[in-house]
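Residue-level listing of the chains:
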Amino acid sequence: MTRRLRYQVAVSLDGFIAGPDGEFDWIPMDPSIDFTAVFKDFDTAVMGRKTYEVLSAADGQGALPGLDVIVFSRTLPAATYPGVQIVNDDPGEHVATLKALPGRDIWLYGGGVLFRSLLDAGLVDTVELCVVPVLLGDGIPVLPPGPCAQVDAGGPQDTSDDWHGGALVLAARRCRAASEHRVHQGRLRTSSPSGPPSP
């Protein structure tokens, strides 16, 4: 099976993935969520510098348990730390290479700017938004301004899971930039939040 790049992130009702300063204390932590099960779908996470710096400030390392973390940055020097690799490569080219390698899915972890660039490159396979019932009013948008990218969430509804913490998960598959003029298939499902807070 081809590895998928999955954008899996918490988002407010008004479309922000973090507050103005990157804060994510508005995202509820539901103890019933099995994060071990969530993480087992992935073996690699990719993120931008700002998300990495938020993670580093929280735990001093910026690593995610059991995952190879790749950080794309134009300002941080290339380096390798335990569980973390900082690269100055073009994100699109690097991710395309990763997707061609064997392994589990790749987690696009937070960071709307990186999402925008990889979406425009046609590399994002699924968008999985955990919609948290809060209005932030300002912050980092789930998708910065740019070309339209259409997804079809009109598929069958999966109600096999339960709601947790009042959050709703929206998942759309086969994302393509509008310029590609392709038909998109998708689904809408209600379930528990699909991952930990992602700034």
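You'll find the structure just up there.
Just so you know, the residues in each chain are numbered from 1, in the order the chain's sequence is written. Predicted model: local features are reported for residues with pLDDT of at least 70 only, side-chain atom pairs are reported and counted for 80 or more only, and whole-chain, interface and lining totals are derived from all residues. Each side-chain value is worked out from all heavy atoms of the structure, with water and hydrogens disregarded.

## A few points about the overall build of the protein chain
Item 1. Scanning the protein chain from N- to C-terminus turns up four helices and 12 strands.
Item 2. Relative to its 199 residues, the protein chain shows a buried fraction of 46%.
Item 3. Partitioning the intrachain contacts of the protein chain with sequence separation of at least 6 by distance along the chain shows that 75% fall at a separation of at least 24. Think of it this way: any DSSP run of H or I at least four residues long counts as a helix, any run of E at least two long counts as a strand, and we number them from the N terminus. Summary of the burial criterion: residues with accessible area below 20% of their type's maximum are buried, those above 50% are exposed, and those between are partly exposed, where the area comes from a 1.4 Å probe applied to protein chains only. By the convention used here, residues are in contact when the closest approach between their heavy atoms is within 4.5 Å.

## What about helix α3 (residues 91-100)?
Item 1. Looking at α3, one finds that the buried residues are Gly-92, His-94, Val-95, Leu-98 and Lys-99. Projected onto a plane normal to the axis of α3, the buried residues spread over an arc of 165 degrees and lie on a single side. Away from its buried face by more than 90 degrees, α3 exposes Glu-93 and Ala-100.
Item 2. Packing partners of the buried residues in α3 comprise β1 (5-12), β3 (42-48), β4 (68-72), β6 (84-87), β7 (105-108) and α4 (112-120). Summarising the geometry, the arc corresponds to the directions from the helix axis toward the C-beta atoms.

## A short note on the pattern of salt bridges
If the charged atoms of two oppositely charged side chains come close together, the side chains can form a pair.
Item 1. Salt bridges are defined as contacts in which a side-chain nitrogen from Lys or Arg sits within 4 Å of a carboxyl oxygen from Asp or Glu. For the structure on display, the rule yields nine salt bridges.
Item 2. Lys-99 is paired through a salt bridge with Asp-125; the nearest N and O atoms lie 2.7 Å apart. Here Lys-99, found in helix α3, pairs with Asp-125, found in the loop between α4 and β8 (126-132); they are 26 residues apart in sequence, far enough to count as distant. Each of the two residues, Lys-99 as well as Asp-125, counts as buried.

## Overview of the pairing of β4
Item 1. Along β4, four of the five residues are buried, which leaves the element largely enclosed by surrounding structure.
Item 2. Strands pair, by our definition, only if DSSP identifies at least two bridges between them. Pairing of β3 with β4, which is carried by five bridges, proceeds in the parallel orientation. Bridge pairing links Ala-45 to Val-69 in β4.
Item 3. When the strands point away from the viewer, a crossover counts as right-handed if the path from the first strand over the helix to the second runs clockwise. In the classification by handedness, the crossover that spans β3, the intervening helix α2 (residues 49-59) and the parallel β4 is right-handed.
Item 4. Note that β4 and β6 share four bridges and pair parallel. In the strand pairing of β6, Ile-70 is matched with Gln-85.

## With respect to the side chain of Arg-3
Item 1. Note on placement: Arg-3 falls in the segment before β1.
Item 2. Of the polar contacts made by the side chain of Arg-3, one reaches the side chain of Thr-44; its length is 3.1 Å.
Item 3. Among the polar contacts listed, one links the side chain of Arg-3 to the backbone oxygen of Leu-98, at a separation of 2.9 Å.
Item 4. Beyond its immediate chain neighbours, meaning those up to four positions away, Arg-3 contacts Asp-43, Thr-44, Leu-98, Lys-99, Leu-101, Pro-102, Gly-103, Arg-104, Asp-105, Ile-106 and Asp-125. Here a polar contact is recorded for every N or O atom pair within 3.5 Å, except that within protein the pair must consist of a potential hydrogen donor and a potential acceptor, and residues adjacent in sequence are included only if both atoms are side-chain atoms.

## Observations concerning the packing of aromatic side chains
Item 1. Planes of paired rings set the category: under 30 degrees apart is stacked, over 60 is edge-to-face and the rest tilted, where pairs are Phe, Tyr or Trp rings (Trp by its six-membered ring) whose centres lie within 6.5 Å. The tally for this structure, following the rule as stated, stands at four aromatic pairs.
Item 2. An angle of 25 degrees between the planes, with centres 3.9 Å apart, marks the rings of Tyr-7 and Phe-115 as stacked. Of this pair, Tyr-7 sits in strand β1 while Phe-115 sits in helix α4, and the two are 108 residues apart along the sequence.
Item 3. Among the residues examined, Tyr-7 registers a relative accessible area of 0% and is labelled buried.

## So, the pairing of β7
Item 1. Going residue by residue along β7, you find Asp-105 and Trp-107 tucked away on one face and Ile-106 and Leu-108 tucked away on the opposite face as well.
Item 2. Two elements, β1 and β7, share three bridges in a ladder whose sense is parallel. What sits directly across from Arg-6, in β7, is Trp-107.
Item 3. Of the pairings in the sheet, the one linking β3 to β7 comprises four bridges and is parallel in character. Its bridge partner lying in β7, Thr-44 is registered against Ile-106.

## Looking at the nonpolar core
Item 1. Residues belong to one nonpolar core when they are buried, are Ala, Val, Leu, Ile, Met, Phe, Trp, Tyr or Cys, and are joined through side-chain atoms within 4.5 Å. Grouped together as the largest cluster of nonpolar side chains are 23 residues, with contacts concentrated most on Leu-5, Tyr-7, Val-46, Leu-108, Leu-118 and Val-124.
Item 2. If we ignore the near neighbours within four places in the chain, the residues touching Val-46 are Leu-5, Ile-70, Phe-72, Leu-98, Ile-106, Trp-107, Leu-108, Tyr-109 and Leu-114.
Item 3. With 15 residues, the next largest nonpolar core counts Met-47, Leu-67, Val-84 and Tyr-109 among its residues.

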